[in-house]
Amino acid sequence: MSYLGENKYFSFRDGCCEVLPKVNISSTEAAELGRTIAGFFTRFSVGCSGFKRLPILYALCSGISECGKDVYVCENTDMPSFRFGFPLLSSDCGIFISDGAVLKLSFFDKSGFTLPESLLSEIMNSAPAQPSERSGKINSATSFKNIYINNISDSLGKEHYKIPAGISCGNKNIRSLWLEFFSGQDDTLVFQISDDGQRVNVYSTELGFISYEKLTLAYCLKLIKSGKTVWLPENFHYAADYIESGVKRFNTDTGIPDDAENTRFLHDTLYMCVHLASDKDEMFENIKQLPKLASAKRDITVSSMDNLPLNKVFSDEKGRVIITPSGKNRISLLAQTLSSETAAELCAVWTEKLRRHNL
């Protein structure tokens, strides 16, 4: 997913919207966004981390309710717990408000996946719906944290103990979530988790640095060895096609096919890592069997977006390059290869090509 554009208040990208620089968002603008979104779904769940964004949360919910749609409010939760839990309320849209320096709202569909680009673009370009004669209900809901923890525990299917591994994360709420399953006191295996809990890298004294993409492939291999089919986004690293039969691709804009199973690992990083690390020997063996892979990403400022091959994929014997918009007069260049040196080389070559429009 990539930069889609902006309206008066927000820029839209990667399944979320973020307030524009030098724009102040009050309850009025939040309610207007709520009335806009209300035209696209039947029932909503809205959550936030901490209490800093509660005025925005309730204004957003008020806008949704004014248009006759029901909404569940999940105060003081974390994104992984919310993303797992809100589909249990039969909500077909989940909105998570991050407690960061810049106001950011992430949008999820009824299965917990980020909204497709086409739908997010419609929301961005739509006008607020008119208030309804009947207001929707605003209901309080749990934070889902204990439910989420119990679900992962039950999914292991046996009595388990905390896995010896270090945990590094700048968000204390996400860190405490991971410490439900990991000891946090082992230097030989350390999980480095993003502040929103959605991505993770690992450092191992045995294997060195292990990227999020490689961890994901290790889990895919685990599923394939158990006889299951694995579904991956079409823009996921092409090295996935080198492992074994059993990998299928889907278009992120049209969503995962209805018959696709075993996709939870694509949006539940903690679930994936707990199941991987519960058998370290198997995890390390699967990682060793994977092909080498590397990625490099670079954002480039250009004078004009005209005639640039946006949302295009270029492949040759060295690897694959994916070009997407990343902002106003900015493009993102993602190089996927089988070595870090080649990835850096492709980034340099294509950066020069794009700056000259020499394609």
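Since this is a predicted model, take the numbers as computed values, not measurements.

Colleague: In this structure, what is going on with the overall build of the protein chain? I would like to understand it.
Modeller: If you tally the helices and strands in the protein chain, you get ten helices and 18 strands. Its C-alpha atoms give the protein chain a radius of gyration of 21 Å, within 12% of the compact-globule value 21 Å for 359 residues. Referenced to the eigenvectors of the C-alpha coordinate spread, the extents of the protein chain come out at roughly 60 × 60 × 35 Å. Relative to its 359 residues, the protein chain shows a buried fraction of 50%. The long-range fraction of contacts in the protein chain, counting pairs at least 24 apart against all pairs at least 6 apart in sequence, stands at 63%. Surface exposure of the protein chain reaches about 16900 Å², of which carbon and sulfur atoms provide 45%. Here the protein chain holds 39 positive side-chain charges and 43 negative ones, and the gap between their average locations is 3 Å.

Colleague: Would you take a moment to explain the environment of Ser 126 for this structure?
Modeller: With respect to the helices, strands and loops of the structure, Ser 126 is situated in the loop between helix H4 (117–125) and strand S8 (138–140). In this structure the C-alpha to C-alpha distance between Ser 126 and Ser 2, which are 124 residues apart in sequence, comes to 19 Å. Among all residues touching Ser 126, those that are not within four sequence positions of it are Thr 36 and Phe 40.

Colleague: Would you mind going over the state of the cysteines with me for this structure?
Modeller: Disulfides are covalent bonds that connect the sulfur atoms of two cysteines. The full count for this structure, using the stated rule, is zero disulfides. Not part of a disulfide, Cys 74 finds its nearest cysteine sulfur in Cys 61, a span of 8.9 Å. Given the relative accessible area of 0%, Cys 74 is considered buried. Here Cys 93 stays unpaired: no disulfide links it, and the sulfur of Cys 17, its closest cysteine neighbor, is 11 Å away. Owing to a relative accessible area of 0%, Cys 93 belongs among the buried residues under this scheme.

Basis of the calculations
- Residues numbered from 1 in each chain as written.
- Predicted model: local features only at pLDDT ≥ 70, side-chain atom pairs only at ≥ 80, totals over all residues.
- Heavy atoms only, no water.
- Helix = DSSP H or I, 4+ residues; strand = E, 2+ residues; numbered from the N terminus.
- Rg over C-alpha atoms; globule rule 2.2 N^0.38 Å.
- Buried < 20%, exposed > 50% of the residue type's maximum accessible area, 1.4 Å probe, protein only.
- Contact = heavy atoms within 4.5 Å.
- Areas by Shrake-Rupley, 256 points an atom, 1.4 Å probe, with all protein chains shown as cover.
- Lys, Arg positive; Asp, Glu negative; His and termini not counted.
- Charge placed at Lys NZ, Arg CZ, Asp CG, Glu CD.
- Disulfide = S-S within 2.5 Å.

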